[in-house]
Amino acid sequence: MIPTTTATVLLVVVTAVTLVVGGSIAHLAYRAARRTDSEPLRLFSYGFGSIAVGLAASGFVSLVTTWTTGEVLIVQGVFVLIGLAFLVRSLYVGGQNPIST
């Protein structure tokens, strides 16, 4: 078992790094979507943004509230589900096929 203080510090570090990396991916995808006017990239950026925010929100909620682990996982799961839905939708958005024969 990890001591409580160590676990809290690890949770803060992992949450912060996850938010930075996930937010960076979302930001780069959004910039690319604006530059290329690409709907799939825009949806991709929303998906990664939602996943990153959900992971950060679950870490934050677990630190500042008295919610149970199950309740925190539900918060995380909702954000991850929304993010994955955006990612799946980004794969199915119709667009012009540059390689048409």
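These notes cover the structure that comes with them. Nothing here was measured: the structure is a model prediction, and the numbers come from that model.

1. Description of the environment of Val21
Line of reasoning, step 1. Within the element layout of this structure, Val21 appears in helix α1 (residues 4-36).
Line of reasoning, step 2. Given a relative accessible area of 46%, Val21 falls into the partly exposed group.

2. A look at the environment of Ala32
Line of reasoning, step 1. Mapped onto the fold, Ala32 is located in helix α1.
Line of reasoning, step 2. Counting along the chain gives 10 residues from Ala32 to Arg42, while the straight-line C-alpha distance between them is 8.2 Å.

3. As for α1
Line of reasoning, step 1. The terminal C-alpha atoms of α1 lie 47 Å apart, and with 33 residues this matches the ideal 48 Å at 1.5 Å per residue to within 8%.
Line of reasoning, step 2. By the burial criterion, the buried members of α1 are Thr15, Gly22, Ala26, Ala29, Ala32 and Ala33.
Line of reasoning, step 3. Buried positions along α1 lie against α2 (39-64).

Reading guide: rules and limits
- Throughout, residues of each chain are indexed from 1 in the direction in which the sequence is written.
- The model is predicted, so local features are restricted to residues of pLDDT at least 70 and side-chain atom pairs to those at 80 or more, both for listing and for counting; the totals for chains, interfaces and linings are taken over all residues.
- Side-chain measures here rest on the full set of heavy atoms in the structure, leaving out hydrogens and waters.
- Secondary structure elements follow DSSP: runs of H or I no shorter than four residues count as helices, runs of E no shorter than two count as strands, and numbering proceeds from the N terminus.
- Three exposure classes are used, based on accessible area relative to the maximum for each residue type with a 1.4 Å probe and protein chains only: buried under 20%, partly exposed in between, and exposed over 50%.
- Residue count minus one, scaled by 1.5 Å, sets the expected span of a helix.
- It only takes one pair of heavy atoms within 4.5 Å for two residues to be counted as in contact.

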